[in-house]
Amino acid sequence: MVVLHRIAKRAVSMIPGGNAGSVLGIHVFHCPDAVGIVAKLSECIASRSGNIHSVDVFVPEKKQVFYSRSEFVFDPARWPRDVVDNDFNKISKLFSAEKSVVRVPDLDPKFKIAVLASKQEHCLVDLLYRWQEGRLPVDISCVISNHQRAPNTHVALFLERHGIPYHHLPTSAGNTREAEILELVEDTDFLVLARYMQVLSRRFLESYGKDIINIHHGLLPSFKGGNPSKQVERVSHRDTLKSFVQKSENLEKQCLTQVIKSYCELRVLPYQVNKTVVF
């Protein structure tokens, strides 16, 4: 633990553009477009001796809407975490913001998630491995599946070793077990569907009320239904169904972990009804 603490401390002190003890802050902002928003955000950070690393702005054409994502470094001893929130809240009120969120990964609790999976394990296993290596800023509260896994399988042994509960909830056409799932995920920040091959109802989505990340297996221009790898027309003459499935699974793993990472870094913001802004 002492070694890990020293490594973490060293990593924080080596943030580019920051002094010893500096930490990274992320701020996302969504408000009606107006003159001077970026200036006010910059002034807020600079007035506390913070240093801006990057600012991404999106203003849709012909729409009076403003989105931004800022990364900055600051010294928590000079700008305490609660004061950071208070300062940005003042700007939020000034511009009647719909969304103003600050995240400091080194100081804030990790996102708490639950993972839902079915029989195929490539996304689940990859996610668990990356979590174990500290590459995903999340805490996994449990894994829920409609398929049973024997106690001696690699997934079961991994979960047991790390103290992550595994809940087997077999589903049927008349019983999707959604009420039980809702109880298990009540305290999570968001859900990850790692190839969970069940359709969640509108009632479930509304009852949960938080974001859900899903990886879709149809890596094609349009949905092709089940077993899409057999329906692809253009592949290399050297490819076989087996090799193409492997390529698809690798893409799914990369896509899912990248989306989780981007979400935790506040790079994905809702835009209109069925669209998002991705910084």
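Up top you'll find the structure we're talking about.
Computed from a predicted structure; not experimentally measured.

Asker: Help me understand helix α4 (residues 122-132) in this model?
Answerer: Owing to its 3.6 residues per turn, the α-helix brings residues three or four apart onto one side. Burial in α4 covers these residues: His-122, Cys-123, Leu-124, Asp-126, Leu-127, Leu-128 and Trp-131. Those residues of α4 that are buried are in contact with β5 (111-117), β6 (138-145), α5 (154-162), β8 (190-194) and α8 (241-264).

Asker: Please explain the environment of Ser-118 as it appears in this structure.
Answerer: Residue position: Ser-118 is located in the loop between β5 and α4. When the C-alpha atoms of Ser-118 and Leu-193 are compared, they prove to be 9.1 Å apart, with 75 residues separating the residues in sequence.

Asker: How should I be thinking about the pairing of β5 in this particular structure?
Answerer: Two faces, one strand: in a regular strand the side chains alternate between the faces of the sheet. Buried residues dominate β5, accounting for six of its seven residues. The sheet contact formed by β5 and β6 spans seven bridges and is parallel. Across the sheet, Phe-111 pairs through a bridge with Val-138, a residue of β6. Chirality of the crossover, the property in question, places the unit of β5, α4 and β6 among those that are right-handed. Two elements, β5 and β8, share five bridges in a ladder whose sense is parallel. Across the sheet, the residue bridging to Leu-116 is Leu-193, located in β8.

Asker: What is the right way to look at the nonpolar core in this model?
Answerer: The tendency in soluble globular proteins is for nonpolar side chains to be buried side by side. The biggest cluster of nonpolar side chains holds 26 residues, and the ones touching the most others in it are Val-115, Leu-127, Val-138, Ile-140, Phe-190, Leu-256 and Ile-260. Of all the elements in the fold, those that place two or more residues in this core are β5, α4, β6, α5, β8 and α8. For this core, the leading source of residues is α4, giving five residues. Those residues within four positions of Phe-190 in sequence are excluded, and the remaining contacts are Phe-111, Lys-112, Ile-113, Ala-114, Val-138, Tyr-208, Asp-211, Ile-213, Ile-260, Tyr-263 and Cys-264. Residues Phe-29, Leu-41, Cys-44 and Val-84 belong to the second largest nonpolar core, which totals 17 residues.

Asker: Mind showing me how you'd approach a nonpolar patch on the surface here?
Answerer: A contiguous nonpolar patch, built from Val-38, Val-55, Val-57 and Val-59 and spanning about 250 Å² of accessible area, is present on the exposed surface. Along the chain, Val-55 falls in strand β2 (residues 51-58). The partly exposed category is assigned to Val-55, whose relative accessible area is 35%.

Asker: Would you mind going over the sheet that holds strand β7 (residues 166-168) with me for this structure?
Answerer: The strands making up a sheet are joined through hydrogen bonds of the backbone, oriented either antiparallel or parallel. A sheet is described by the order of its strands in space; here five strands give the open sequence β7-β6-β5-β8-β9, paired in parallel fashion. Only two strands of the sheet have a single partner each, and these edge strands are β7 and β9 (212-214). Averaged over all pairs of adjacent strands, the angle between strand axes in this sheet comes to 20 degrees, irrespective of strand direction. Where α4 meets the sheet, its contacts fall on β5, β6 and β8, and the angle it forms with β6 comes to roughly 155 degrees. Running at roughly 170 degrees to β8, α8 makes contact with β5, β6, β8 and β9 of the sheet.

Here is what the cut-offs are and how they apply
- Residues numbered from 1 in each chain as written.
- Predicted model: local features only at pLDDT ≥ 70, side-chain atom pairs only at ≥ 80, totals over all residues.
- Heavy atoms only, no water.
- Buried < 20%, exposed > 50% of the residue type's maximum accessible area, 1.4 Å probe, protein only.
- Helix = DSSP H or I, 4+ residues; strand = E, 2+ residues; numbered from the N terminus.
- Contact = heavy atoms within 4.5 Å.
- Pairing = 2+ DSSP bridges.
- Right-handed = clockwise from strand over helix to strand, strands pointing away.
- Core = buried A, V, L, I, M, F, W, Y, C linked by side-chain atoms within 4.5 Å.
- Patch = residues over 30% accessible without salt bridge, like charges linked within 9 Å, V, L, I, M, F, W, Y side chains within 5 Å.
- Areas by Shrake-Rupley, 256 points an atom, 1.4 Å probe, with all protein chains shown as cover.
- Salt bridge = Lys/Arg side-chain N within 4 Å of Asp/Glu carboxyl O.
- Axes fitted to C-alpha atoms, helices over the stretch in contact; angles between N-to-C directions.

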